[in-house]
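Overview (structure and organization)
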Amino acid sequence: GGGGGGGGGAAASPNVVKTRTYDLSMTYDKYYQVPKAWLMGYDTDGRPLKPEEVFADISQDFAQKTATFDTHPHLRTSWCFVHPCKQASVMKKIVQRHVDGGKEPRVDQYLFLFLKFLSAVLPTITYDNTIEVDG
């Protein structure tokens, strides 16, 4: 990642909002048969966040409960992940809400619905969601 530079040592403007950024990695959990979301957070200087800093960004309904840290299976570093144990039932409810509203989601829209689920876990996250999920 890397942000825009600034004026070589000039004091930060009080109007600039400092934000944390997150990398999102997806793997597939064969046991639960659902996508598994992994989050790596960075501070405004690009340094990885400590677990307690990540948990501060995560909804308290999930922090240290269904969201925890483990070694990413492919990247071999410690990432926060959302445990998939209850994810299938939550996703089923999200899909059912769309169906009840008369919008049967297509299979290819599941990932976008999953990202909506993740926004409940990490409420401060913003996506470029320029796609509509409808039937």
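Residues numbered from 1 in each chain as written. Predicted model: local features only at pLDDT ≥ 70, side-chain atom pairs only at ≥ 80, totals over all residues. Heavy atoms only, no water.

Side note on the pairing of strand E2 (residues 34-42)
Counted residue by residue, E2 has nine buried out of nine residues, so it is predominantly covered. Inspection of the sheet shows strand E1 (residues 21-29) paired to E2 by nine bridges, in the antiparallel sense. By the bridge assignment for E2, Thr 21 is matched with Tyr 42. In textbook terms, the turn of a hairpin is the stretch between consecutive antiparallel strands, and for E1 and E2 this stretch comprises four residues, one of which, Gln 33, has a positive phi near 55°. (Buried < 20%, exposed > 50% of the residue type's maximum accessible area, 1.4 Å probe, protein only. Helix = DSSP H or I, 4+ residues; strand = E, 2+ residues; numbered from the N terminus. Pairing = 2+ DSSP bridges.)

Section: the sheet that holds strand E4 (residues 78-82)
Taken together, four strands build an open sheet; the order of strands is E1-E2-E4-E3 and the sheet is antiparallel. Each end of this open sheet is capped by a strand with a single partner; those strands are E1 and strand E3 (67-71). Across the sheet, the mean angle from the axis of one strand to that of its neighbour is 35°, orientation sign disregarded. (Axes fitted to C-alpha atoms, helices over the stretch in contact; angles between N-to-C directions.)

Looking at the pattern of salt bridges
Under the counting rule described, the total for this entry stands at four salt bridges. As a salt-bridge pair, Arg 47 and Asp 43 come within 3.3 Å of each other at their nearest N and O atoms. You can call Arg 47 partly exposed: its relative accessible area is 48%. Here Asp 108 makes a salt bridge to Arg 106, at a shortest N to O gap of 3.0 Å. Owing to a relative accessible area of 52%, Asp 108 belongs among the exposed residues under this scheme. Salt bridges sharing common partners tie together Asp 43, Asp 45 and Arg 47. (Salt bridge = Lys/Arg side-chain N within 4 Å of Asp/Glu carboxyl O.)

Topic: helix H2 (residues 87-100)
Given 3.6 residues per turn, any residue in an α-helix points the same way as the ones three and four places further on. Between the first and last C-alpha of H2 there are 20 Å, a value that for 14 residues agrees with the 20 Å anticipated at 1.5 Å per step. Within the span of H2, buried status applies to Gln 87, Met 91, Ile 94 and His 98. Angularly, the buried residues of H2 cover 60° about the axis, an arc narrow enough to put them on a single face. Away from its buried face by more than 90 degrees, H2 exposes Lys 92, Lys 93, Arg 97 and Asp 100. Looking at the buried residues of H2, the elements they touch are E2, E4 and helix H3 (110-121). Residue Gly 102 follows H2 closely and has a positive phi angle near 85°. (Expected span 1.5 Å × (residues − 1). Arc of directions from axis to C-beta. Contact = heavy atoms within 4.5 Å.)

What about the packing of aromatic side chains?
The tally for this structure, following the rule as stated, stands at five aromatic pairs. A centroid spacing of 4.9 Å and a plane angle of 85° characterise the contact between Tyr 31 and Tyr 32, whose relative ring orientation is edge-to-face. For Tyr 31, a relative accessible area of 69% translates into the label exposed. Taking 5.5 Å as the distance between ring centres and 90° as the angle between the ring planes, the aromatic pair formed by Phe 55 and Phe 69 counts as edge-to-face. Taken together, the positions of Phe 55 in helix H1 (residues 51-57) and Phe 69 in strand E3 put the pair 14 residues apart, joining distant regions of the chain. Stacked on the ring of Phe 81, the Lys or Arg Lys 36 has its end atom at 4.3 Å from the ring centre. (Phe/Tyr/Trp six-rings, centres within 6.5 Å; stacked < 30°, edge-to-face > 60°. Lys NZ or Arg CZ within 6 Å of the ring centre and 35° of its normal.)

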